[in-house]
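Survey of secondary and tertiary structure
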There are 2 protein chains.
Amino acid sequence: MNIIHKLIIIFVIFIIIWFLPVPSGVEPEGIHLFAIFSATIIGLILKPISMGGIVFIGVVLTALTDTLPLRDALSGFANPTVWLIVSAFLIARGFIKTGLGKRVAFILIKAFGRKSIGLSYSLVMSEFILSPAMPSNTARAGGIIYPIIRSLCSAFGSEPEKSPRKIGAFLILAQYHADVVISAMFLTSMAANPLAAEITKNITGLELQWTTWALGAIVPGILSLSLIPLVIYKLIPPEIKESSKSRVVADEELQKMGKMKRPEIIMAGIFIFVLLFWITSNFHKINVTTIALFGVGLMLIFGVINWSDVLSEKGAWDAMIWFGGLVMMAGGLYNLGIIEWFGDTISNYISYLPMTFALILTLLIYFYSHYGFASMTAHITALLPVFLAVAIGVGTPPLLAALALAYFSNLNASLTHYATGPAPIYFNAGFVDQITWWKIGFLISVLNIIIWVGIGFPYWKLCGFW
Amino acid sequence: MNIIHKLIIIFVIFIIIWFLPVPSGVEPEGIHLFAIFSATIIGLILKPISMGGIVFIGVVLTALTDTLPLRDALSGFANPTVWLIVSAFLIARGFIKTGLGKRVAFILIKAFGRKSIGLSYSLVMSEFILSPAMPSNTARAGGIIYPIIRSLCSAFGSEPEKSPRKIGAFLILAQYHADVVISAMFLTSMAANPLAAEITKNITGLELQWTTWALGAIVPGILSLSLIPLVIYKLIPPEIKESSKSRVVADEELQKMGKMKRPEIIMAGIFIFVLLFWITSNFHKINVTTIALFGVGLMLIFGVINWSDVLSEKGAWDAMIWFGGLVMMAGGLYNLGIIEWFGDTISNYISYLPMTFALILTLLIYFYSHYGFASMTAHITALLPVFLAVAIGVGTPPLLAALALAYFSNLNASLTHYATGPAPIYFNAGFVDQITWWKIGFLISVLNIIIWVGIGFPYWKLCGFW
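Residues numbered from 1 in each chain as written. Chains lettered and ligands numbered in written order. Predicted model: local features only at pLDDT ≥ 70, side-chain atom pairs only at ≥ 80, totals over all residues. Heavy atoms only, no water.

**Quick word on a nonpolar patch on the surface**
Residue and element names in this part refer to chain A. Judged by side-chain polarity, L215, I218, V219, I222, L223, L227, L230 and I455 come together as a nonpolar surface patch covering roughly 570 Å² of accessible area. For the nonpolar patch, the element with the highest residue contribution is helix α11 (residues 210–235), accounting for seven residues. Among the secondary structure elements, L230 is positioned in helix α11. (Patch = residues over 30% accessible without salt bridge, like charges linked within 9 Å, V, L, I, M, F, W, Y side chains within 5 Å. Areas by Shrake-Rupley, 256 points an atom, 1.4 Å probe, with all protein chains shown as cover. Salt bridge = Lys/Arg side-chain N within 4 Å of Asp/Glu carboxyl O. Helix = DSSP H or I, 4+ residues; strand = E, 2+ residues; numbered from the N terminus.)

**A few points about the packing of helix α6 (residues 100–112) of chain B against helix α8 (residues 137–155) of chain B**
The geometry of a pair of packed helices is captured by two quantities: the angle between their axes and the separation between those axes. Residue and element names in this part refer to chain B. One can describe the packing of α6 onto α8 by two numbers: an axis separation of 10 Å at closest approach and a directional angle of 45°. Taken as axis vectors, α6 and α8 run oblique relative to one another. Considering the relative orientation of α6 and α8, their crossing is right-handed. Contact residues: α6 offers G101, K102, A105, F106 and I109, while α8 offers I144, I148 and L152. Of the residues belonging to the contact of α6 with α8, the class tally is six nonpolar, one polar and one charged. (Axes fitted to C-alpha atoms, helices over the stretch in contact; angles between N-to-C directions. Parallel < 35°, antiparallel > 145°, perpendicular 65-115°, else oblique. Left-handed = near helix turned anticlockwise from the far one by under 90°. Contact = heavy atoms within 4.5 Å. Nonpolar A, V, L, I, M, F, W, Y, C, P; charged D, E, K, R; others polar.)

**Some remarks on the side chain of E159 of chain A**
All names here are of chain A. Looking at the secondary structure, you find E159 in the loop between α8 (137–155) and α9 (168–185). At 3.2 Å, the side chain of E159 forms a polar contact with the side chain of S154. The contact partners of E159, leaving out residues within four places of it in the chain, are R150, S154, P164 and F431. (Polar contact = N/O pair within 3.5 Å; in protein donor to acceptor, adjacent residues only side chain to side chain.)

**Some details on the interface of chain A and chain B**
A common way to express how large an interface is: the accessible area buried when the components associate. If you look at the interface, chain A gives 38 residues, while chain B gives 38 residues. Between chain A and chain B we count zero salt bridges in total. Linking chain A with chain B are four residue pairs in polar contact (both at pLDDT 80 or more), by the criterion used here. Of all the elements in the fold, those that place two or more residues in the side of chain A that touches chain B are α3 (51–64), α4 (70–73), α5 (80–98), α15 (288–301), α16 (307–312) and α17 (314–335) of chain A. Per element, the largest residue contribution to the side of chain A that touches chain B is eight residues, and it comes from α15 of chain A. When its residues are assigned to classes, the side of chain A that touches chain B shows 23 nonpolar, 11 polar and four charged.

See below:
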């Protein structure tokens, strides 16, 4: 299917929805925005041009067709949540530029890398430490951790063609599935998590704060992270069990890096400072975005990054546009009555089911529909509003529904080798064939659902979330 | 003065103003925003870090000190005028990427380059044609035209050390002063012009529309552009009067480029389309920003530029941040009553003067204060609001005051070799010494003031502007 075909499909869908009859309770512009939104989502799935370009054109159409006034169409670009993500990308740039991200990983490998299983845990822990300030799981798992894993594999003589099971397949799969869980754990550990929070705010009026999110995720998250390397170790046992060599590699790298340099120390200080402010945000009430922006400001003043680094951080501007555009559309659809109408319609169909059954059905359909998506963001944007409305429609306490769906929006990425940015990177490394990838993916999905529902639901009850 | 000293100066000014007593009629936050704004302006002048970084930190402080709510502090990034500039940067990228910008220049040189004076006019005309869609006068005069001039000089054997007066000094000075006038001619031909329009809207409630701006500038602008190469030709006569060689060079370059390629043709079509829509915006009432964004959308769909070009266009993101931040501050200062208070205070001092005299004095002080600025943007941000308030305070019709000051904000860049982005580029070429540069600059400033006041004022009367 070439770009012209894709554009035609998108255009036809746009036109059909544009001229649909307007349901009662929905504003006339609502159906127009829904047409633009649907075309955008189909665009995100078909990708005739990049994600950012598609959302950009969606924003343009929103203004051009007078569906929303220009100021409203652009409003996403001033959204504090969008700027939280932009800031986090810029903070992450500091980790990469100063080498602090690598240093953390190598220190942990040196400390815990004696056995293969310990090596995996130390890599997972490194990613976990970086995650609250690195919302691009692609940059984190793909950019920082993957190159380390890849060079460790070579050091152990584990290569994709001849010896994938020596240690490569194990490290790759354990890390990928850990990344998926880590992405679920913080509002700022995956780029589209704040989008889930925005949607939640629109639909339920609840603020999914940084602390609420982290508190809800910490117990099931740590549990998942503790089990995943172990389970993968049993399923795809590495031939090499002893991995002291990795400690030699880590030590060499640390030697090469030398003592922590001034920018690295400052970067570590700013990161801890931002993290402390985030964690305490319930007390001082300073917005998390303001704190993140302040962190970036400090990085600029202390010269950890310069302005040219900021402008070159394409990921930040990409996220600003696609995320800002989607936030604007999601808000508009809600305001114009579309989401409520959808939720009501579907809820009516399943309202005869008992609440618990209806909720679990909703969650499972939401989770496994990710087989059809190549991006967590597309999935969240397209389905979260409706599934959240449905879950609440069948009687689920709103915060429970919101958190469960938000976490599931990340956990569902375990399923395929195209589920989220790092998936193709880890899969393309070539250590694991597709059938194994999907099998393991399905098993881990079951494990995660058991943990996050079985332990999560009662734990959130304890937290007072429902 | 190193970066630490600069930061200390900025910080001291910030603290002093922060704790000043609040004048009556000004909100308490007004004086705080004024402290942040003043520190930002001093920052733009001292440049301890890049312009964008300074404004970014200003935005952060606005939110962090709770001077404005976070959403308001970020509001500039959703400002339609800011996105007009972002779009124009992206459209300009298409000119550069497809080679269309160069082709226009070479075609004009081939057509009119027989004599040195004709060569200069053809270069000026090229820049004029590109200008409505190229708000960065640095990219336009520095990025597209300068390399052509420089290679023509070499083709004529005019080099900075041995033979600057052969043709180099003439072409350089004529083009630089033409660039200054061209920058004044369209809302979209200089990056900070929309800022002047925003400030005007805040203070007078008047919309300086694209068409109003262009209509007001076209007569005095064409007059200035017609005279400048001629005047420079008399003042710094080139030794080479015949320049047919330039036509050979242009012809060779056009041969090298071959026939217009598909992307170039599409780019030309989109540019003309956008221009027509801009010119007719009074009739169809579609916002100029929407039109520009639509142009960018078409460029993406037709593949003239791709999304990676968009994300790599650092100038666009730089402008979005510094411009968005300054727009936010300028709006805030007005809303909080600071500007009115300032204007009233100064007007009181000069209100005993006759109106015409007071107005001319105001305009001249505004113009020649540019000796103290290294950027049109800094000058506009720092002084335009107050001078506009003063000009209106002494009884000038608002639209007249706004247009005169807006045009003067560009024309004042003739004065020095650091007045605006292209100035150091053209000066550093080395064909003109500093004393000559300043002398010519002063003469041209007088010429421009005579034209834009002597012809401009009566012409604007005819236009019904006052």
